[in-house]
Every structure is written in structure tokens, then in C-alpha cells.
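Here is what each chain is made of, one letter per residue.
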Amino acid sequence: MRTPLAVSGWSVVSPLGIGAPEFRDGITSGRTGLRRPPGEGAAPGAESEGRVPGFEIRDLLGRKNTRAMDRL
């Protein structure tokens with residue numbers, strides 16, 4: 001017998017924004033989070049990128065120990 005799946009909550013951080021409402025609204029309206037990278041800061045060969053608008057790691061996780069985190 002299979003156990004039914006129950007989703008009690010979810011969240012997302014994506015190029016459409018931070019939080020489930022931003023993601024839902026972006027997907028249902030057909031928007032994409034991909035943008036053309038800015039000229040000088042673009043990685044070689046990058047045609048598009050998906051930066052998260054308003055994402056500042058220190059604002060979300062606090063200042064302590066965020067210096068050693070990479071941008072993965």
C-alpha cells in the first residue's frame with residue numbers, strides 16, 4: 001500500500017524572486033527569470049543568466065560566517 005504524499009509547505013529562491021508567491025506568479029504569467037548578462041560582468045560565452053533579484057546573502061542569513069560561502 002502506498003502512503004499518500006502531503007505537501008504542508010514550500011518555498012523557493014529563483015530568478016523569478018524570493019518566495020513561493022513570486023515563483024507562482026512568474027510561472028503562471030509565463031515570465032522567465034533569465035536575462036541577458038551585463039556587458040562587463042558577464043562570464044565568457046554567457047548568453048543568459050538567472051540572478052535572483054534582491055538576493056543578498058547577509059540579509060537572509062546574517063553577517064556571521066557568510067564570508068566563506070561561495071555563490072553556488
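Quick note: structure is the one above.
Throughout what follows, the structure given in this document is the object of discussion. (Residues numbered from 1 in each chain as written. Predicted model: local features only at pLDDT ≥ 70, side-chain atom pairs only at ≥ 80, totals over all residues. Heavy atoms only, no water.)

Overall, the coordinates contain one aromatic pair when judged by the stated rule. Taken together, a centroid distance of 6.0 Å and an interplanar angle of 80 degrees make the contact between Trp10 and Phe23 edge-to-face. In this pair, Trp10 sits in the segment before strand S1 (13–14) while Phe23 sits in helix H1 (residues 20–28), placing the two residues 13 residues apart along the sequence. Classification of Phe23 by relative accessible area gives partly exposed; the value is 27%. (Phe/Tyr/Trp six-rings, centres within 6.5 Å; stacked < 30°, edge-to-face > 60°. Helix = DSSP H or I, 4+ residues; strand = E, 2+ residues; numbered from the N terminus. Buried < 20%, exposed > 50% of the residue type's maximum accessible area, 1.4 Å probe, protein only.)

What follows covers the side chain of Ser14. Tracing the sequence through the fold places Ser14 in strand S1. In this structure, Ser14 is in contact with Phe23, Val52 and Pro53, ignoring residues within four places of it in sequence. (Contact = heavy atoms within 4.5 Å.)

Shape descriptors only; they carry no functional weight alone.
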